[in-house]
Amino acid sequence: MRSALRLAERAPLRARNTFGVEAHAGMLVEVRDAACLPELFRNAMLRDGPVLVLGGGSNLLFAGDPPGVVLSLAGQDIRVVQDDGDSVLVRADAGVEWHAFVLWTLGHGLAGLENLALIPGTVGAAPIQNIGAYGVEVRERIETVEAFDRKGHAIRRLAAADCAFAYRDSRFKREPERWIVTAVEFRLSRTPRLRLEYAGIADELARAGIGSPTPSQVAEAVCRVRRSKLPDPAVLGNAGSFFKNPIVPADLAEALALQHAALPVFPGADATSRKLSAAWLIDACGWKGHREGDAGVSERHALVLVNHGGATGAELLALARRIAASVQERFGVSLEPEPRVIGDSW
Ligand code: EPU
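Everything numeric in this text was worked out from a predicted model, so none of it was measured.

Q: How do you make sense of the pattern of salt bridges when you look at a structure like this?
A: A pair can form between side chains of opposite charge whenever their charged atoms are brought close. A full pass over the atoms with the stated rule returns 30 salt bridges. Across the pair Arg195 and Glu140 runs a salt bridge, and its minimum N-O distance is 2.8 Å. With Arg195 in the loop between strand E12 (179–189) and helix H5 (199–207) and Glu140 in the loop between strand E9 (136–137) and strand E10 (142–149), this residue pair connects regions lying 55 residues apart in the sequence. Exposure remark for Arg195: the relative accessible area of 25% places this residue in the partly exposed category. Under the relative-accessibility criterion, Glu140 is labelled partly exposed at 36%. Put simply, Arg187 and Glu143 hold a salt bridge, and the shortest N to O gap is 2.9 Å. Taken together, the residues Arg187 in strand E12 and Glu143 in strand E10 connect sequence positions 44 residues apart. Residue Glu143 is classed as partly exposed on the basis of its relative accessible area, which comes to 30%.

Encoded structure:
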């Protein structure tokens, strides 16, 4: 049996972040069975010091070394916990790779996650920033999140309604010192209810001549669209969208739309707010394809910062700050990073 715990001092993190930047963990702790967390956190270094939980490393930027301990949850269990014929509840450990999990559900005839195919990262990271793509957010499929509560010193089960999910946000993201997501339960269905309203996906299915797609065919279309727009982190270091789409007051969005007819404006959470396209704003400032040394902006998508090989996290962060400053100056809109910035602050 593989041991439940592995420790390494001064562990290199370059292969553990999709930007591929150099960083080191003073202490890396790899845990296979989350049930040992309450015991593990009796250790003073973990109990009282900073702990960074590292999933696939696809949504963070190491602008410096992380302080304290880096914890990696490596559990790989996936199982059906409830099945009433149509509605099926599936539980997956935090350490399972997200896309492999999506393929597992589709392979078992379960629909619901097809629009979220090929998102980098792990199951445990999915609720933290409420991953979303092509008209679906993962919160719509989550029933329960299991998380170790560092404050209460126990593993707790939180219903989706208690997770404060919002656009690229959750209570786990707002209280990173408190929660360590250990497993997630998803409510899936054998009867597909496909969500094809996002133009890019409908167009891709039409191009492939598919009239009434299966969930797997939707996932394949999503993969083709993602591959055409977003660079593969295995080839070119990146963390997907580097900026969130900004939520602005409706009157600012309307004023900007009057000046810039092509600016995409989406509904906000309520009537007083709108969501703008960060990619469009950045593109309009001329950043797409820009490169400074090995830090740059993807040629394919203005929202994606890339590491051409030897960029440091500090160089990528400096570039991101210049991009945000230029959007602020030209449009009066403030951009915020989507990935967590470690070892520095935004
Ligand atoms: N656009 C440009 N220039 C570009 C790219 C896009 O002007 O270089 C404009 C276009 O008008 C386009 C619009 O921006 O119609 C929106 O672009 P896209 O459809 O690519 O979506 P996005 O808003 O840029 C969001 C998510 C992605 C997700 C896609 C598809 C955020 C921050 N990003 O991007 O998520 O895959 O929608 O649903 O919400 C991620 O979070 O890492 C991520 C990749």
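Moving on from the coordinates now.
Q: Please clarify how the layout of surface pockets should be interpreted in this entry.
A: Looking at the second largest pocket, its volume works out to about 350 Å³. Lining the second largest pocket are 17 residues; nearest its centre among them are Leu118, Pro120, Pro231, Asp232 and Pro233. Of the residues contributing to the lining of the second largest pocket, the split by class is 8 nonpolar, 5 polar and 4 charged. When residues are assigned to domains, the lining of the second largest pocket turns out to be shared by domain 2 (78–189) and domain 3 (237–342), each giving three or more.

Q: Please clarify how the packing of aromatic side chains should be interpreted in this entry.
A: Here a ring pair, both rings aromatic, is described through the centre-centre distance and the interplanar angle of the planes. All chains considered together, the criterion is met by 10 aromatic pairs. Ring centres of Phe41 and Phe148 lie 5.0 Å apart, and the angle between their planes is 45°; this geometry places the pair in the tilted category. Of this pair, Phe41 sits in the loop between helix H1 (37–40) and helix H2 (44–48) while Phe148 sits in strand E10, and the two are 107 residues apart along the sequence. Across this residue pair, the class does not change: Phe41 and Phe148 are buried. Between Trp280 and Phe331, the ring centres sit 6.0 Å apart and the planes meet at 55°, which makes this aromatic pair tilted. With a gap of 51 residues between them, Trp280 in helix H8 (residues 278–284) and Phe331 in helix H9 (residues 313–331) connect regions that are remote in the sequence. Among the aromatic residues, those joined into a ring-pair cluster are Phe19, Phe242, Phe243 and Trp346.

Calculation criteria
Residues numbered from 1 in each chain as written. Predicted model: local features only at pLDDT ≥ 70, side-chain atom pairs only at ≥ 80, totals over all residues. Heavy atoms only, no water. Salt bridge = Lys/Arg side-chain N within 4 Å of Asp/Glu carboxyl O. Helix = DSSP H or I, 4+ residues; strand = E, 2+ residues; numbered from the N terminus. Buried < 20%, exposed > 50% of the residue type's maximum accessible area, 1.4 Å probe, protein only. 1 Å grid on protein atoms, 1.4 Å probe; cavity = no way out; pocket = protein on both sides within 12 Å on 5 of 7 lines; lining within 4 Å. Points joined across faces, edges and corners; volume = space filled by probe spheres on them. Nonpolar A, V, L, I, M, F, W, Y, C, P; charged D, E, K, R; others polar. Domains from an automatic or database assignment. Phe/Tyr/Trp six-rings, centres within 6.5 Å; stacked < 30°, edge-to-face > 60°.

Scope: geometric values only; no functional claims are made or implied.
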